[in-house]
Amino acid sequence: MQLAVDGTVVVSVLLSLALATRLPPVAAARWLPGPRAEPSAGLPHGARARQRRRSRPAPGAGRSRRVPGPLGLLGLLVGAVLVNQIAVVVYIRQVHGGDPGFVARYLPPGWFELPAADWPPTRLAAHWPWPEALAGSVLRVQAALELPLVLLAFAVVLRWLDDRLYRQVPASPLLVVAALAYTAVFCAVEWDLRNPWTTDDLLIRCASALVTPPLLAAAARRRAPGRTPEPDPVPLSAGRLLLFLGSLASFGGLVLLAYDTLLLYNLGRLEARLPLVAGCALVLAGCRAADRRLRTGADAGPAVAFLGHALRRFLLLFFAPALAVRYGVVFGTPALAAGAGLLLGAGAAALALRDTLTAAAGTATPGRLLLRLAAAAVAGTAAGWGAAQVMSGGYYETALLAAAAAFLAVAVGVCVLGDAWDARRSSVRVKV
């Protein structure tokens with residue numbers, strides 16, 4: 001399995017570097033402050049009116065496009081997984097006397113922690129008339145839904161960062177590469193944990209890899225606006241970057257909680273995790289509501305603008321190899337996985353620097369910008385290391401998520417201070 005995971009890491013990283021770098025930068029808006037011009041600004045009054053009439057969607061044109069966004073689709077899938085977990089509990093209670101050993105013995109420790117007998121859904125076990133019909137709920141449903149769950153979770157993050165970015169990726173070959181890379185890793189793990197359900201699971205995962213990309217691409221297309229022109233990408237200000245980080249941290253917490261309780265068949269842990277779920281959900285809702293209020297009039301200096309470009313570029317580059325790198329730490333060669341992550345980060349930084357200097361149109365000094373970014377990297381690394389030490393001890397993804405959030409939050413703060421210092425110096429020189 002190690003060879004399969006390592007090979008997937010290498011191939012997916014190379015394909016990502018070849019494909020993601022060809023996509024145009026999503027946010028080309030300048031970082032210089034000032035009012036954002038309307039698309040029709042500067043046109044005569046009659047021309048503006050004609051443009052508005054042409055851009056107005058036809059009656060009923062948007063109704064056929066009303067499909068759930070990635071977060072809504074993800075919620076539906078999580079609900080389906082929860083219903084399936086209840087079916088698993090009913091099946092094990094009725095058919096196997098409440099003992100999951102018939103399947104748990106093939107899996108690592110930490111799986112199949114069933115809820116107590118007095119848990120309300122568990123009482124269904126005493127009344128369900130056809131428990132044998134629920135045999136397919138064990139492992140097979142998860143094999144079908146795991147790929148769309150992971151892809152939709154990544155799509156949610158893409159859309160929060162930039163709605164155009166969310167529509168670029170499904171329309172590119174990156175979606176197919178990601179689906180194949182994720183499926184290759186899932187199948188390698190399935191084969192390593194061979195059991196009586198392995199053949200069925202492998203076939204189901206391959207079928208999911210064929211069906212999921214076109215469905216997600218179609219959903220993204222149907223979310224696209226009709227004849228109304230899209231507004232220019234809004235630059236990511238420091239406030240929006242911090243809100244995105246808060247959204248990412250709380251959403252990542254929810255994903256880890258879903259993995260721990262649902263994907264590992266541990267409904268017995270759900271009640272104890274509900275306060276954490278509620279806390280993460282409240283933080284996420286607050287961050288998204290505040291982000292919607294900051295979408296207009298967002299200005300950013302060159303260092304902060306670089307961070308926005310870097311996040312966009314990194315998510316594009318990391319989309320396809322994400323799962324292979326994650327599993328490479330545990331099932332592959334950790335040094336290779338870490339090297340792949342650093343290579344993707346370096347590539348994103350180089351492309352972001354080019355995007356920033358291009359958008360600044362010669363008004364930003366490359367040397368000063370690099371010094372400011374180096375200071376932000378040093379301070380962010382120290383903060384990230386401290387956060388990882390505090391959050392170590394559970395899933396390593398928890399420590400990694402905390403480290404990434406701390407790194408970026410501190411980096412944003414350093415970049416804001418640097419941009420403010422440069423802006424003040426520039427204003428002083430102008431007055432003199």
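Core analysis: the biggest nonpolar cluster contains 95 residues, and L151, Y182 and F319 have the highest contact counts within it. Sorting elements by how many residues they give to this core places helix α5 (residues 140-161) first, with 13 residues. F319 has contacts with L151, F154, V169, L174, L175, A178 and Y182, leaving out every residue within four places of it along the chain.

Attention now moves to the packing of helix α7 (residues 174-192) against helix α8 (residues 198-222). Running from N to C, α7 and α8 cross one another at 165 degrees; their axes reach a closest spacing of 10 Å. The orientation of α7 relative to α8 falls into the category roughly antiparallel. Regarding α7 and α8, the two cross each other, and that crossing is right-handed. Judged by residue contacts, L175, V176, A179, T183, F186, C187, E190 and W191 of α7 engage T198, D201, L202, R205, C206, A209, P213, L216 and A217 from α8.

Moving on, we get to empty space enclosed by the protein. The full count for this structure, using the stated rule, is five cavities of 30 Å³ or more. Of the pockets and cavities examined, the largest cavity occupies roughly 110 Å³. Surrounding the largest cavity, L73, L151, L152, A155, L158, Y166, V169, P170, L175, L216, A219 and F319 form its lining. Every element with two or more residues in the lining of the largest cavity is listed here: α5 and α8. Element by element, the count of residues in the lining of the largest cavity is highest for α5, at four residues.

Moving on to the confidence of the model for the protein chain. Model confidence for the protein chain is summarised by a mean pLDDT of 83, while 82% of its residues fall at 70 or above. Element-level mean pLDDT values for the protein chain span from 48 in helix α2 (residues 45-55) up to 95 in α7. The low-confidence segment residues 27-45, where pLDDT is below 50, has 33 contacts with residues more than four positions distant or belonging to other chains. Ignoring residues within four places in sequence, the model shows residues 47-64, a span with pLDDT below 50, making 14 contacts including any to other chains.

Moving on to unusual backbone geometry. Despite not being glycine, L139 has its phi angle at roughly 70 degrees, a positive value. Mapping L139 onto the fold places it in the loop between α4 (101-104) and α5. For Y265, which is not a glycine, the phi torsion comes out positive at approximately 60 degrees. Residue position: Y265 is located in the loop between α9 (238-263) and α10 (270-293). Taking the relative accessible area as the measure of exposure, Y265 reaches 2% and is therefore buried.

The rules behind the values
- The residue count restarts for each chain, going from 1 along the sequence in the order it is written.
- Local features in a predicted model are, by the rule used here, given only for residues with pLDDT of at least 70; side-chain atom pairs are given and counted only at 80 or more, and totals for whole chains, interfaces and linings are based on all residues.
- Based on all heavy atoms of the structure, the side-chain values leave hydrogens and waters out of the count.
- By convention a nonpolar core is built from buried Ala, Val, Leu, Ile, Met, Phe, Trp, Tyr and Cys residues, the set being connected through side-chain atoms within 4.5 Å.
- Per-residue accessibility, obtained with a 1.4 Å probe over protein chains only, is compared with the maximum for each type, and a residue is labelled buried under 20%, exposed over 50%, and partly exposed between these values.
- A run of H or I in DSSP becomes a helix once it reaches four residues, and a run of E becomes a strand once it reaches two; helices and strands are each numbered from the N terminus.
- Note on contacts: a residue pair is in contact if any heavy atoms of the two residues lie within 4.5 Å.
- For every element, the axis is a line fit to its C-alpha atoms; helices are fit only across the contacting stretch, and the angle between N-to-C directions ranges from 0 to 180 degrees.
- For this classification, under 35 degrees means roughly parallel, over 145 means roughly antiparallel, 65 to 115 means roughly perpendicular, and everything else is oblique.
- Crossing chirality is assigned from the near helix's rotation relative to the far helix, an anticlockwise turn below a right angle marking it left-handed and a clockwise turn marking it right-handed.
- As defined here, a cavity is a set of points on a 1 Å grid over the protein atoms alone where a 1.4 Å probe fits but cannot get out. A pocket is an open set with protein on both sides within 12 Å along at least five of seven lines, and residues line them when an atom is within 4 Å of a point.
- Grid points are joined across faces, edges and corners, and a volume is the space filled by probe spheres set on the points.
- The pLDDT score gives, residue by residue, the confidence of the prediction method on a 0 to 100 scale.

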